[in-house]
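Residues per chain are reported as follows:
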Amino acid sequence: MNAVLVSMRRPGARWLLSALLVVGLAALPLLNIVVPGVLPGPSYTPGTLQLLALSLIFAALALSYHVLFGAAGLLSFGHALYFAIGAYGLGILLKRTELPLLLAVAVVLAGTLVVATVLGAISLRVSGISFAMVTLAFAQAGSVLIQRNSGITGGEDGLSLSTQQLPDFFVGVLNTRNLYWLALALLVVVFLAVRWFERSRAGHVAAAARENELRVRVIGLRPFSVKLVAVVIAGVLAAAIGMVYLLLQSGVVPGVASSNFTLTLLVIVVLGGVGSRWGAVIGGVVYTLLDQRLSALAGSDAIAGLPAVLRVPLSEPLFLLGTLFILVVLFLPGGIVGVAGRLTRRAGRTSGATREDPRDVIEETE
Amino acid sequence: MSTVALLLITGLGLGALYFLVASGLSLIYGLMGVLNFAHGSFLTISAFLAWEVARRIGADSWGSLGLALLVGAVVGGIVAAGTELLLIRRLYERHIEQVLVTVGLALASVALFQGIWGTDPQYVTGPAWLAQTTDVLGARIPNNRFLLIAVAAAVLLTLLLFLRYTRFGLVIRAGVENRSMVTALGIDVRRAFTLVFTIGGAAAGIGGVLASHYFGYVSPEMGASLLIFAFIVTVIGGLGSLAGAALAAVFVAVIQQFANFYLGGTGDIMVVLLLAVVLLVRPRGLLGRRG
Amino acid sequence: MTGEVVLRVSGLSARIGHQQVVEDVSFDVPAGEVTAILGRNGAGKTSTIKGILGLIGRSGIVELEGERIDTLATDRIVRRGVGYVPEDREVFASLTVAENLRLAERDASPRRELVAELFPELITRGAQRAGTLSGGQQQMLSLSRALLNDNRILLIDEPTKGLSPKLVAEVVAALEVVARVVPILLVEQNLNAARRLAARLVVIEDGRSVLSGPASEFFEDEERLIRMLGVHGSGVGGVGTA
Ligand SMILES: Nc1ncnc2c1ncn2[C@@H]1O[C@H](COP(=O)(O)OP(=O)(O)O)[C@@H](O)[C@H]1O
Ligand SMILES: [Mg+2]
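The shown structure was predicted, so the numbers you read here are calculated from the model rather than taken from an experiment.

What counts, and at which threshold
- Residue numbers run consecutively from 1 along every chain, following the written order of its sequence.
- By the order in which they are written, chains take letters starting at A while ligands take numbers starting at 1.
- In view of the model being predicted, local features appear only for residues whose pLDDT reaches at least 70, and side-chain atom pairs are presented and counted only at 80 or more, with totals across whole chains, interfaces and linings using the full set of residues.
- Here the side-chain values reflect all heavy atoms present in the structure, with hydrogen atoms and water set aside.
- The donor set comprises N, O and S atoms within 2.8 Å of the metal, extended to 3.2 Å for Na, K and Ca; water molecules are omitted, so apparent gaps in a site may simply reflect that omission.
- Each helix is a run of DSSP H or I of at least 4 residues and each strand a run of E of at least 2, with the numbering of both proceeding from the N terminus.
- When we say a residue is near a molecule or strand, we mean one of its heavy atoms is within 4 Å of it.
- Two N or O atoms form a polar contact when they lie within 3.5 Å of each other; inside protein one atom must be a possible hydrogen donor and the other a possible acceptor, and for residues adjacent in sequence the pair counts only when both atoms belong to side chains.
- What sets the accessible areas is the Shrake-Rupley method with a 1.4 Å probe; for residues, cover comes only from the shown protein chains.
- Each residue is assigned to one class: nonpolar for Ala, Val, Leu, Ile, Met, Phe, Trp, Tyr, Cys and Pro, charged for Asp, Glu, Lys and Arg, and polar for all the others, Gly among them.
- Criterion used throughout: strands pair if DSSP finds at least two bridges between them.
- The working definition used for a salt bridge is a side-chain nitrogen of Lys or Arg within 4 Å of a carboxyl oxygen of Asp or Glu.
- A score between 0 and 100, pLDDT records how confident the predictor is in each residue.
- Residue contacts follow a heavy-atom distance rule, with two residues in contact if any of their heavy atoms lie within 4.5 Å.
- Each residue's exposure class comes from its accessible area (1.4 Å probe, protein chains only) as a fraction of the maximum for that residue type: buried when under 20%, exposed when over 50%, partly exposed otherwise.
- To qualify as a nonpolar core, a set must consist of buried Ala, Val, Leu, Ile, Met, Phe, Trp, Tyr and Cys residues joined through side-chain atoms within 4.5 Å.

A. Quick peek at the coordination of the magnesium ion (ligand 2). Within the first shell, the magnesium ion (ligand 2) binds the protein through Thr-46 of chain C (OG1), Glu-87 of chain C (OE) and Glu-87 of chain C (OE), at distances of 2.0 to 2.8 Å. Residue Thr-46 of chain C is found in helix H1 (residues 45–53), and its partner Glu-87 of chain C is found in the loop between strand E6 (82–85) and helix H3 (97–104); the two are separated by 41 residues along the sequence.

B. Representation of the site of ligand 1. As a structural note, the neighbourhood of ligand 1 is formed by Asn-212 of chain A together with Ile-16, Gln-19, Val-21, Arg-40, Asn-41, Gly-42, Ala-43, Gly-44, Lys-45, Thr-46 and Ser-47 of chain C. Mapping the residues adjacent to ligand 1 onto the chains of the assembly identifies chains A and C. Within the contact set of ligand 1, an oxygen atom lies 2.8 Å away from a backbone nitrogen or oxygen of Lys-45 of chain C. Its free accessible area being 560 Å², ligand 1 has 63% of it covered by the protein chains. Taken together, the elements giving at least two residues each to the shell around ligand 1 come down to strand E2 (19–30) and H1 of chain C. Ranked by the residues each element gives to the shell around ligand 1, the list is headed by H1 of chain C, at 3 residues. Class assignment of the residues belonging to the shell around ligand 1 gives a composition of 3 nonpolar, 7 polar and 2 charged.

C. Fine view of the sheet that holds E2 of chain C. Residue and element names in this part refer to chain C. If you trace the 4 strands from one edge of the open sheet to the other, you get E2-E1-E4-E5, paired in antiparallel fashion. At either margin of the open sheet sits one strand with a lone partner, and together these are E2 and strand E5 (67–68). Here strand E1 (residues 5–16) pairs with E2 via 8 bridges, running antiparallel. When the sheet's bridge partners are listed, Ile-16 is paired in E2 with Gln-19.

D. Spatial organisation of the pattern of salt bridges. Applying the stated criterion across every chain yields a total of 22 salt bridges over all chains. Across the salt bridge formed by Asp-28 of chain C and Arg-8 of chain C, the nearest N and O atoms sit 3.0 Å from each other. With Asp-28 of chain C in strand E2 and Arg-8 of chain C in strand E1, the pair connects residues that are 20 residues apart, well separated along the chain. With its nearest N and O atoms 3.3 Å apart, the salt bridge here joins Lys-161 of chain C to Asp-88 of chain C. Taken together, the residues Lys-161 of chain C in the loop between strand E7 (153–157) and helix H7 (165–179) and Asp-88 of chain C in the loop between E6 and H3 connect sequence positions 73 residues apart. Overlapping salt bridges bring together Glu-52, Arg-55 and Arg-56 of chain B as one network.

E. Highlighting the confidence of the model for chain C. Residue and element names in this part refer to chain C. Of all residues in chain C, 93% have pLDDT values of 70 or greater, and the mean over the chain is 89. E7 holds the highest mean pLDDT among the elements of chain C, 97, whereas helix H10 (residues 222–229) holds the lowest, 75. Within the model, pLDDT remains below 50 along residues 233–242, and this stretch shows 19 contacts once partners closer than five positions in the same chain are excluded. Prediction confidence for the complex, expressed as pTM and ipTM, is 0.86 and 0.90 respectively.

F. Molecular detail of helix H7 (residues 167–177) of chain B. With 9 of its 11 residues buried, H7 of chain B lies for the most part within the structure. Those residues of H7 of chain B that sit buried are Gly-169, Leu-170, Val-171, Ile-172, Arg-173, Ala-174, Gly-175, Val-176 and Glu-177 of chain B. On the buried face of H7 of chain B, the contacting elements are helix H1 (2–32), helix H6 (144–165), helix H8 (179–183) and helix H9 (189–215) of chain B together with H3 of chain C. Between the side-chain oxygen of the N-cap and the backbone nitrogen of Gly-169 of chain B there are 2.9 Å, and the N-cap of H7 of chain B in question is Thr-166 of chain B.

G. Highlighting the nonpolar core. Counting 293 residues, the largest nonpolar core has Phe-77 of chain A together with Leu-7, Leu-155 and Leu-185 of chain C as its most contacted members. The element contributing the most residues to this core is helix H3 (residues 46–71) of chain A, with 18 residues. Beyond its immediate stretch of four places on either side in the chain, Phe-77 of chain A contacts Ala-132, Thr-135, Leu-136, Ala-139, Thr-262, Leu-263 and Leu-266 of chain A together with Leu-35, Phe-37, Val-99 and Val-103 of chain B.

Structure (structure tokens):
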């Protein structure tokens, strides 16, 4: 890890490493890699691939959230709404209409664009904490709509994927690896899109407005429009990710529209390291694997034998994750990437290279 | 007419709950700039512990209801004060991190409640009168509504008197308006921080006990679902304004009741629409000073 | 008393957010007189005052009567006897005048009579909301909050800003009375007011203290002072006799 982060300082090396990482991940379904304690089985088995694909999807979703929170400094509590629109939108279109897959995808993306623009424009009338509360309220309305209209959405039971319009290679357990590759491709696309946004003029203005809104206004730029662009991009990406999630999970449940789901995204981004694209990716993967492991632990015999004082908290994964999250916020600002950055800095200093500000390292690793 | 009376009084009762949660949120935000996501958990833990106490001494007497309310207030106040002292204070003036810590606390505590009390609701009983109804303009109003309204009104009055006539109240009102100027007068506002957390937690704790009688049960998610409406109420009322919170709580709850009855169960959606309208017309809320 | 140093600022730097707005500012405030900070708009005068009080992030050494106060929180600094009258008054608009004054009382026996004597209007308007006061009345209220307590020094930031010439004269007269009992560090853009009040001047430019010395030296060459401060002729409002 250290060596990787140190060498990531050189842009050429960074590209090469990223490419190698993607190729390595793409090869997993063809290999027999066993990581006891982390993966439930060898890397080519559908169960493991399912989990890995899920972690890639969470990484991508965390990246889309990073556009809001990390890049534009917008604390949204309603991002789950767009993910849910993607998953439910595609699920409903496939079930209720004869639309071919790609057309249905296009319709959902267009719909998301409209919704994100309208809701974004309204919620950006306020800023800071009020923005957070308002996005929460909108997402809550979405969640209520999903639960109330059970005729269309399946209500509490959720919506199962209807496979008639799907190509065969996305259907069935044996094709899990195709879905895994789809998730990997999606993550790469989302990563590049987010990178492009952050390096665009709008991205720079958004970053400047995050630091000092007044100054951006003074030099004649309108933070409102770049923030709206960030909200729309994040929303559309989340919807796209929601659609892949629907295919992978063969369905969707109303929980993905809940405020807890957005809070989970926030946890992921902070865990990985706020303000860092790689942080979001690493956070997404670590969180998904950790959540899975903790759930397995919660159901294990070892826990069942403990006295209640230990058994009760240990058998609640969300309690452990929530506590971990609090500890990270209190004691590890910068999250996983921040810690890795500090370690590399130490390693870098011994090899001659020095760096002053830990935040530089976080930015470097982007 | 009788339907209108029922909806109105039930709306007032629900508004009383919203107010008990929103008042603390609004004061905490107004003074400290902290959005307290853990506020719902203050409510839930108070409701559970009050229920545990009440059922042990026999829940059907007025004395045990009074004790339950007291337990709710004390538990809510203590848990909230502990949260401020142990978690929030460490992150002085770092508002985003403060919000994140309360988010973590909310997630962890709800999971813990589920571990302790299970995910199923625990049914709550009280004095027989609460379960009966009273005739008002031909409508049979469940009596617990009157209890909710009376207690919330008493809390509102107490808070207003406290804010108006005590030194701490003066510091809080001034701090809501301009925190740094209060410190520049030589006043340690951090004591006021702990105090508003304690007061807000106590109000939420009372709200928790009342909510358990309104809904008829206690559940781990109870606080979180009320919290969302309390957020909406604080934004509509204007962050930092107690009177705004009271006004908006009643407004939101009554609209919700009427929309649920007359517009086919669309109460929640109407409330969010109301929020959108308020934001478009008046982003600082009904009685808010700042934007 | 004159000659003793009440407040010593050495190498003070201050920042707003990540931006450095005051850099390496040093000066002394002697007892028994008024020291005025001059400088163009945006030079960093207000930030210097706020840095001394710890209202914005700062580094450097600040000593009050020989004791370091630069590591203390704002409220502790103020309780050591540093009165503050901020730029733009910052009275609590939603509180009444009486409440504004009551909030400011720290001492066991606050000097209410002094306030009543200097600004009787504030007493008659005790029940009025401070937000509804005129600019001049708000300035008097802001000044009174600092005068209620027994302070070692007052930090007063542009007390005459935006006031009519008549009110400027009133405020200056009040400050002359106050200066007899407590040393003042005063930010003042109105040159006539500064001339009336200040015994010493400190000039700040681009966040640095560039000059300091007895006021008389500066006012000998007023043309140069005006050029240096970039104040317009009209900005140098007249001060009538009070
Ligand atoms: N809130 C702020 N954010 C960023 N910069 C600020 C802010 N307030 C003041 N500044 C900058 O700090 C510098 C010093 O300001 P200030 O101390 O208020 O100057 P003065 O009081 O001498 O007019 C100015 O360049 C100003 O632009
Ligand atoms: Mg100034």
